[in-house]
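In case you want the letters, here they are:
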Amino acid sequence: RWLSGKRIEPLADLGALVKLAGDGLRGAEIWDPAVPASVNVATTVAGVEDAVVLSPEMAAKYLGPWNLRVVKDLRGQFIGAESGSKKNDAYRWAVREYLARGRCSAHLFCLYEDAFSTRAGGDLSYVVTRDWAVKSRAFVFDLSPWGDEIPGDDPSQRRGTDLETYRMILSEMLKASAGKQMTELAGFFAFAKYSNVPGHSSAHDPVPTEWETVWLISPYNCYQNTVAGDCYNQSLHSQAPRKPLVQRRPGPAPKLANKTYVAILMADYDSATPLYSFMPKHWSDPNRGKLPLAWGINPNLIETYPDLFAYLYETATPNDHFTADASAAGYMNPNRVRKEHLPLFVEHNKRFFREADMTIAPMVLDWDEPSAAVKDAFCQFAPDGFATIVMDLHATGGKAPQPHVWKGMAVTNLINDACNFAGPQQTAEVLYAQLKGRPKDAPGFYFFRIVWVGPSEILKTLDSLRAKHPDVECEIVDPYTFFALFKEHYSRSNAGTAR
């Protein structure tokens, strides 16, 4: 495709790569293994200074042969004198020297796991995404979003120090973006340091930690791209040509009938890792195209992998439809976006939805039902349908919305019960538990989220449902038809229609 006909020149070793870089490589950053966070600080500085990050061992071996000057040697610089934490001292220094001075990107910063446990275990996943951070001149960090417990990688710190530094970074990023652009947080929290997993006891499980991160960043005009590793060559892929994408739309919706309508969201391709690592397997399923499906792919990822987007759109069947995933053009909590920033939120989403030819946001993750202002915002870029999953983890009284139509936009809930696919038979029972409750005197509408499976598994699930529960007749429809019929029904029923 876009690289067709390009000449490939294999390089013999790292020295050949340094030679190829030429004057573009201006020096080296040496990080301090005694302060694992310093590998992130060195990555930040490398992006700003056009340098390469070296461990002390690599520096001793290659500085001479590569004829590189040392831009910054971080060994011994961070001793905990400022915050009581070497880790937090490192990030606060980087905030003052680079982020607060406007030397880093205001559009991208990275939550990348540092070297605390990864280096000793030979885990390369914390390394392979760093080309994107360096190319983008991104600020890189690794902190806990929790202020009520001490993180596992820094047991001597004062409780809440990580969160204080996290908020310092977010505040500076908000100043840097100056209300002119939203900022992507690429990366994910480190499970083994900040959540309850085997080998690390915590009061917070992984999913609440994910939600807390998004809750924390949303008021700062930030959205998350949960890159976790095994996500290669982003700096190369991002250079692929971009052009507006066009997807097929179904014909006019059929006549509304008193039946059960089901739509299925093939989730969660809301971040670069599943789009790059998981999507190819499910997209190549031989049964793709045999039933209408919504594929949830966040349109902001076109900045990272425009060539993957082009391939998916070019190879889609008439039954493959693309919608946003969590939550729109990026994973954020829309109710947490400040009122004065909603116009920027709208413009950000309009731009990406327009480029990806999307008009549906079926997986908006939030802590409460959408406010009137949030629904007004989504009407401007997702007029064909809005569905949400509400999880009130802060016990603030949040609740799911009642199905209704808001200024022409369908508003409903995305059913999450079948999220973690346990097999066709088990998932068929999950679907049945929802579908059997439909009143017989009115049509029913059910939008299910199913994560990281292929169309073949969906077909097996529906076969199992029909075999075990022939009394439940449902029609599988595409998302456009689903929301069109939904709007027709709820506009008639006076169920909260906004005029």
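Being a predicted model, the structure only gives us computed values, none of them experimental.

Chemist: Would you take a moment to explain the environment of Ile297 for this structure?
Modeler: Mapped onto the secondary structure, Ile297 falls in strand 9 (residues 293-297). Residue Ile297 is classed as buried on the basis of its relative accessible area of 2%. Between the C-alpha atoms of Ile297 and Lys487, which are 190 residues apart in sequence, the distance is 24 Å. Ignoring sequence-local partners within four residues, the contact set of Ile297 consists of Tyr269, Leu275, Met279, Phe309, Leu312, Phe322, Thr323, Ala324, Asp325 and Met358.

Chemist: I would appreciate a short explanation of the nonpolar core in the present structure.
Modeler: One broad trend across soluble globular proteins is that nonpolar side chains are buried collectively. Counting 66 residues, the largest nonpolar core has Phe322, Phe345, Phe353, Phe378 and Ile458 as its most contacted members. Element by element, the count of residues in this core is highest for helix 12 (residues 342-355), at six residues. Setting aside its immediate chain neighbours within four residues, Phe353 contacts Pro299, Ala324, Ala328, Ala329, Met358, Thr359, Ile360, Ala361, Phe381 and Ala382. Counting 40 residues, the second largest nonpolar core, distinct from the first, contains Val35, Ala94, Leu163 and Tyr194.

Chemist: Honestly, the state of the cysteines in this entry has me stumped. Any pointers?
Modeler: By definition, a disulfide links the sulfur atoms of two cysteine residues through a covalent bond. Evaluation of the coordinates by the stated rule reveals zero disulfides. Cysteine Cys110 shares no disulfide, and the gap to the nearest cysteine sulfur, in Cys104, comes to 10 Å.

Chemist: I'm lost on the packing of helix 6 (residues 161-177) against helix 8 (residues 206-217) in this one. Help?
Modeler: To characterise two packed helices, one gives the angle between the axes of the helices and the distance between these axes. Contact pair helix 6 / helix 8: the axes reach a minimum separation of 11 Å and the direction vectors enclose 45 degrees. The angle between helix 6 and helix 8 places the two elements in the oblique class. Together, Leu163, Tyr166, Arg167 and Leu170 of helix 6 and Thr213, Leu216 and Ile217 of helix 8 make up the contact between the two elements. Tallied by class, residues from the contact of helix 6 with helix 8 come to five nonpolar, one polar and one charged.

Chemist: Can you help me understand unusual backbone geometry in this one?
Modeler: Excluding glycine, residues mostly carry a negative phi; peptide bonds, for their part, are mostly trans. Between Ala267 and Asp268 the backbone carries a cis peptide bond, its omega angle lying at -5 degrees. Its location among the elements puts Asp268 in strand 8 (residues 260-269). Despite not being glycine, Asn67 has its phi angle at roughly 55 degrees, a positive value. Structurally, Asn67 is set in the loop between helix 3 (56-66) and strand 3 (70-73).

Chemist: Would you explain the pattern of salt bridges in this entry?
Modeler: One pass over the full model with this rule turns up 28 salt bridges. Here Asp50 ties to Arg137 by a salt bridge, and the two come within 2.8 Å at their closest N and O atoms. With Asp50 in the loop between helix 2 (38-49) and strand 2 (52-54) and Arg137 in the loop between helix 5 (130-136) and strand 5 (139-141), this pair connects stretches of sequence that are 87 residues apart. Between Lys259 and Glu475 there is a salt bridge, with the nearest N and O atoms lying 2.8 Å from each other.

Chemist: Would you explain the layout of surface pockets in this entry?
Modeler: Over the atoms, a rolling probe the size of a water molecule traces out where space has been left empty. If you add up the space inside the largest pocket, you get close to 1,100 Å³. Elements that contribute at least two residues to the lining of the largest pocket include exactly helix 1 (14-21), helix 2, strand 2, helix 3, helix 5 and helix 9 (234-237). No other element matches helix 1, which puts five residues into the lining of the largest pocket. Class assignment of the residues belonging to the lining of the largest pocket gives a composition of 19 nonpolar, five polar and five charged. Along the walls of the second largest pocket sit 27 residues, with Val207, Glu210, Asp268, Arg449 and Trp452 positioned nearest its centre. Looking at the lining of the second largest pocket, the element that brings in the most residues is helix 8, giving four residues.

Chemist: It is not clear to me how the packing of aromatic side chains should be interpreted in this structure. Could you clarify?
Modeler: Any pair of aromatic rings gets described here by the distance separating the centres and the angle formed by the planes. Within this structure, the stated rule accounts for 33 aromatic pairs. Both rings, one in Phe445 and one in Tyr490, keep their centres 6.2 Å apart while their planes meet at 50 degrees; by these two values the pair is tilted. Placement of the pair is Phe445 in strand 15 (residues 444-451) and Tyr490 in helix 16 (residues 479-493), with a sequence separation of 45 residues. Considering the side-chain rings of Phe486 and Tyr490, the 4.4 Å spacing of their centres and the 35 degrees angle between planes classify their relative orientation as tilted. Residue Phe486 and its partner Tyr490 are both found in helix 16; the two are separated by four residues, about one turn of the helix. The class for Phe486 is buried, based on a relative accessible area of 1%. What makes Tyr490 buried here is its relative accessible area of 16%. Joined through ring pairs, the aromatic side chains of Tyr261, Phe445, Phe447, Phe482, Phe483, Phe486 and Tyr490 make up one cluster.

Chemist: Where do I start with the environment of Arg96 in this structure?
Modeler: Secondary-structure assignment places Arg96 in helix 4 (residues 86-99). With a relative accessible area of 40%, Arg96 lands in the partly exposed category. Here the alpha-carbon distance between Arg96 and Trp406, two residues 310 residues apart in the chain, equals 45 Å. With sequence-adjacent residues up to four places away left out, Arg96 is seen in contact with Glu82 and Arg101. A distance of 3.0 Å separates a polar atom in the side chain of Arg96 from a polar atom in the side chain of Glu82.

What counts as what
Residues numbered from 1 in each chain as written. Predicted model: local features only at pLDDT ≥ 70, side-chain atom pairs only at ≥ 80, totals over all residues. Heavy atoms only, no water. Helix = DSSP H or I, 4+ residues; strand = E, 2+ residues; numbered from the N terminus. Buried < 20%, exposed > 50% of the residue type's maximum accessible area, 1.4 Å probe, protein only. Contact = heavy atoms within 4.5 Å. Core = buried A, V, L, I, M, F, W, Y, C linked by side-chain atoms within 4.5 Å. Disulfide = S-S within 2.5 Å. Axes fitted to C-alpha atoms, helices over the stretch in contact; angles between N-to-C directions. Parallel < 35°, antiparallel > 145°, perpendicular 65-115°, else oblique. Nonpolar A, V, L, I, M, F, W, Y, C, P; charged D, E, K, R; others polar. Salt bridge = Lys/Arg side-chain N within 4 Å of Asp/Glu carboxyl O. 1 Å grid on protein atoms, 1.4 Å probe; cavity = no way out; pocket = protein on both sides within 12 Å on 5 of 7 lines; lining within 4 Å. Points joined across faces, edges and corners; volume = space filled by probe spheres on them. Phe/Tyr/Trp six-rings, centres within 6.5 Å; stacked < 30°, edge-to-face > 60°. Polar contact = N/O pair within 3.5 Å; in protein donor to acceptor, adjacent residues only side chain to side chain.

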